[in-house]
Amino acid sequence: MTVQLVQPTTEAGILARFSLVRSTDPQEFVAAINATYPYGQVTASDSPHRPQTYELRALTGPDYTVGYLRSGLGVTISPRRDGESYYLNLAPSGTVLSRVGRYEIANSPDMAVVVPPRTVQHLAPVRAGTESIGIRLDRQLVEAELTSLLGSAPVQPVDFHPGLDLTQPGGRSIAALVQNLLLEADRPGGAFEHPWVQRQYIRTLVVCLLTSHPHNYTEALSGRERPPTRPRTLRRALEYIDTHIDQPLTVADLAQAAGCSPRTLHEQFHAVLGSSPMGHVREARLQGAHRDLCDGVGSVTEVACAWGFSHLGRFSSSYRLRFGCLPSETARGSSQQ
């Protein structure tokens, strides 16, 4: 049994007090979304089949946005280079076909979608008037709450599983929190009018996501253990990677720089960072190349070479697997901003 997010919080509907646009013009609707969700560039990916009414209502804070959207318009959301945010997308009624990176998920009353920073989204409502709730959470906000839970700052970005099953206990808790947040937002004169109270609701939602939905720190949180401290040899290896990231690297190179055996280095990387030494190198290079392409630093070939990718075809393949699009598409999107 799913928590029913379809229930309006007032007779006027969800977030009725925060109406921003109600129009039959899809361009006006898209422009309002771009103004409300600052770190994503929304473009219409199809043309409406028939006239319809588009609606956006939203509550915004310094590092979060809680929005209600009603639309049948397919859109593509490309990350902008001036900020990083997670998105929690829910569909109170109907279905939104969602492609997030390499994943395809039917966003429905039973299934929410969690989108990591710097990930392209393709959203296609199956019919006109499909309702959606889109919650934006800044990466710094998410990582601050994770730091409090772990006792130390995370060494890698939080990587949530994109599909959030709202029929399971953890998903039901998250849906209930969202429903209560929406209810309080539409209560005139209530405590939610105070920005501090709003932020506490958002922080509670983030903590619930971190403790109830799988991600790369779930095991550390479930054991209530602080991540292992970084041994000196591991710190040496990481420093060597940072200063030689554009050069050919092997495990033997890293082990020699760290002053330990390759086997010991493998064990330390897996214990502290949850990856192999070369897996860490590959991820660091891909993230660096992604940032440069988003910032329009150079051509795809120039960026690939700068981050140590000597084979352009393999770089494109790895990049597409990691970010859900080709490097040329990221570069093209940057040039259009």
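These lines cover the structure that appears in this document, whether it is placed above or below. (Residues numbered from 1 in each chain as written. Predicted model: local features only at pLDDT ≥ 70, side-chain atom pairs only at ≥ 80, totals over all residues. Heavy atoms only, no water.)

### Some words on the pattern of salt bridges
Move 1: Taken as a whole and judged by the stated rule, the model has 12 salt bridges.
Move 2: With a closest N to O distance of 2.8 Å, R57 and E55 form a salt bridge. Accessibility classification places R57 together with E55 in one group, the buried group.
Move 3: Where E145 meets R203, a salt bridge forms, and the shortest distance between an N and an O atom there is 2.6 Å. Highlighted residues: E145 in helix α2 (residues 139-150) and R203 in helix α4 (residues 195-212), separated in sequence by 58 residues.
Move 4: Under the relative-accessibility criterion, R203 is labelled partly exposed at 30%. (Salt bridge = Lys/Arg side-chain N within 4 Å of Asp/Glu carboxyl O. Buried < 20%, exposed > 50% of the residue type's maximum accessible area, 1.4 Å probe, protein only. Helix = DSSP H or I, 4+ residues; strand = E, 2+ residues; numbered from the N terminus.)

### Quick look at the sheet that holds strand β7 (residues 96-100)
Move 1: Sheet architecture is open: 5 strands sit in the order β2-β5-β10-β7-β8, paired in antiparallel fashion. Where the open sheet ends on each side, the last strands, each with one partner, are β2 (40-44) and β8 (103-107). Going across the sheet, the axis of each strand differs from the next one's by a mean of 20°, ignoring polarity.
Move 2: With 5 bridges connecting them, β2 and strand β5 (residues 75-79) associate as antiparallel partners. Each bridged residue has a counterpart across the sheet, and for G40 the counterpart in β5 is P79. (Pairing = 2+ DSSP bridges. Axes fitted to C-alpha atoms, helices over the stretch in contact; angles between N-to-C directions.)

### A closer look at the packing of aromatic side chains
Move 1: Here the structure, examined in full by the defined rule, presents 5 aromatic pairs.
Move 2: Aromatic side chains Y86 and F160 sit 5.7 Å apart centroid to centroid with 90° between the ring planes, which places their arrangement in the edge-to-face category. Taken as a pair, Y86 in strand β6 (residues 85-93) and F160 in the loop between α2 and β12 (163-165) lie far apart in primary sequence, 74 residues in all. The pair formed by Y86 and F160 is uniform in burial state, with each residue classed as buried.
Move 3: Seen from their ring centres, F309 and F315 are 4.7 Å apart, and the 40° between their planes marks the pair as tilted. Each member of the pair F309 and F315 is classed as buried.
Move 4: An aromatic cluster of at least three residues, connected via ring pairs, comprises F309, F315 and Y319. (Phe/Tyr/Trp six-rings, centres within 6.5 Å; stacked < 30°, edge-to-face > 60°.)

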